[in-house]
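Now for the letters of each chain:
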Amino acid sequence: PAPLSMQVRVIIDHSTSMNHNPIRAAIVAAAAVNLACTELGIPHIVTITPDDIRVADQDSGERGLAMIAGSFPAQKGYEDAGKTLAIHCAELLAAPADLNLVLVIHDGASNDEDVLTRVCREMREKLLIIGLYIGSSSADWSELIETLSGQFGADRLIVMPSVDDLSSRVAAIIRNVRGE
């Protein structure tokens, strides 16, 4: 059988709530996905909210990595994650692949949570949208998990203290969605 075609989008929440450790982890995760997709020849885009600033893709090379690395600290207190997700979902559906993956690196503090949640629900059967939170637990840990689960779905959420196991966690979700 022919290999599956795949497209990947990485959306980085770039709001002030992500400043310091969360944005650093997001940058490492986005750079890792960018490098993996480039190496494997997978069409992809890494973008930063709130203005859908596309910083890397399969053709950007070292410039793309530099743009990802230079994406902190945030200057805006909002991120429009739902609006950005809707734009990328429409683009992915216009040029379908066997597997369309959107990785949203996010801390749960969303100014357009209703839009984000609606888009995740509407696209659930069409695209694989995964919410990713990278950071240490806090006093509000259960509240954060509840918020992110409400936005992305508990089965489409990865919460981890560091990016160390990111590739295996994403692969496990893809296998689960595909019924493997």
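Presented here is an overview of the structure given in this document. (Residues numbered from 1 in each chain as written. Predicted model: local features only at pLDDT ≥ 70, side-chain atom pairs only at ≥ 80, totals over all residues. Heavy atoms only, no water.)

As a further point, take the pairing of strand E3 (residues 53-57). As paired elements, strand E2 (residues 44-48) and E3 share 4 bridges and run antiparallel to each other. By the bridge assignment for E3, Thr47 is matched with Arg54. Connecting the antiparallel pair E2 and E3 is a turn made up of 4 residues, with Asp52 showing a positive phi of about 50°. (Pairing = 2+ DSSP bridges. Helix = DSSP H or I, 4+ residues; strand = E, 2+ residues; numbered from the N terminus.)

It is worth spelling out the pairing of strand E5 (residues 128-134) at this point. Among the 7 residues that make up E5, 7 are buried, leaving the element largely enclosed by the rest of the structure. Residues Leu128, Ile130, Leu132 and Ile134 point to one face of E5 and Ile129, Gly131 and Tyr133 to the other, with burial holding for every one of them. Of the strand pairs in this sheet, strand E4 (residues 99-105) and E5 are connected by 5 bridges, and their pairing is parallel. From the neighbouring strand, Val102 faces E5, where its bridge partner is Ile129. With respect to chirality, the unit in which E4 leads through helix H4 (residues 113-122) into the neighbouring parallel E5 is right-handed. Examined bridge by bridge, E5 and strand E6 (residues 157-160) share 4 bridges and lie parallel to one another. Residue pairing for E6: Leu132 is matched across the bridge by Ile158. (Buried < 20%, exposed > 50% of the residue type's maximum accessible area, 1.4 Å probe, protein only. Right-handed = clockwise from strand over helix to strand, strands pointing away.)

Okay, the layout of surface pockets next. Empty space within the largest pocket amounts to approximately 340 Å³. If you go around the largest pocket, you meet 17 residues; those closest to its centre are Val33, Ala36, Cys37, Ser167 and Val170. In the lining of the largest pocket, the residues fall into 15 nonpolar, 1 polar and 1 charged. (1 Å grid on protein atoms, 1.4 Å probe; cavity = no way out; pocket = protein on both sides within 12 Å on 5 of 7 lines; lining within 4 Å. Points joined across faces, edges and corners; volume = space filled by probe spheres on them. Nonpolar A, V, L, I, M, F, W, Y, C, P; charged D, E, K, R; others polar.)

What the rule picks out here adds up to 1 cavity of 30 Å³ or more. Reported here for the largest cavity is a volume of approximately 30 Å³. Taken together, Met18, Pro22, Ala26, Ile105, His106, Tyr133 and Ile134 make up the lining of the largest cavity. At the level of elements, helix H1 (21-40) and E5 are the ones that each hand at least two residues to the lining of the largest cavity.

The next point concerns the sheet that holds E4. Taken in spatial order, the 6 strands line up as E3-E2-E1-E4-E5-E6 in an open sheet, and their pairing is mixed. Across the chains shown, the open sheet's two edge strands, defined by having one partner strand only, are E3 and E6. Between one strand and the next, the sheet's axes are offset by a mean angle of 20°, whatever the strand orientation. For strand E1 (residues 6-12) and E4, the ladder comprises 7 bridges, and the chain directions are parallel. Pairing of Val10 across the sheet is with Leu103, part of E4. Together, E1, E2, E3, E4 and E5 form the strand contacts of H1, whose direction differs from that of E1 by roughly 165°. Along the sheet face, helix H3 (residues 81-94) touches E1, E2, E3, E4 and E5 and points at about 170° away from the line of E1. (Axes fitted to C-alpha atoms, helices over the stretch in contact; angles between N-to-C directions. Contact = heavy atoms within 4.5 Å.)

Turning next to the packing of H4 against helix H5 (residues 141-152). One way to put it is that H4 packs onto H5 with a least axis distance of 7 Å and a crossing angle of 50°. When the axis of H4 is compared with that of H5, the two are oblique. Along its contact with H4, which presents Glu113, Leu116, Thr117, Cys120 and Arg121, the element H5 presents Thr147, Gly150, Gln151 and Phe152. Residue composition of the contact of H4 with H5, by class: 3 nonpolar, 4 polar and 2 charged. (Parallel < 35°, antiparallel > 145°, perpendicular 65-115°, else oblique.)

A few words now on the packing of H3 against H4. Look at H3 against H4: their axes get within 7 Å of each other, and the N-to-C directions meet at 30°. On the basis of their axis angle, the class for H3 and H4 is roughly parallel. Regarding H3 and H4, the two cross each other, and that crossing is left-handed. Taking contact as the criterion, the partners of Ala81, Gly82, Lys83, Leu85, Ala86 and Cys89 in H3 are, on H4, Val115, Leu116, Val119 and Cys120. Its residues placed into classes, the contact of H3 with H4 shows 8 nonpolar, 1 polar and 1 charged. (Left-handed = near helix turned anticlockwise from the far one by under 90°.)

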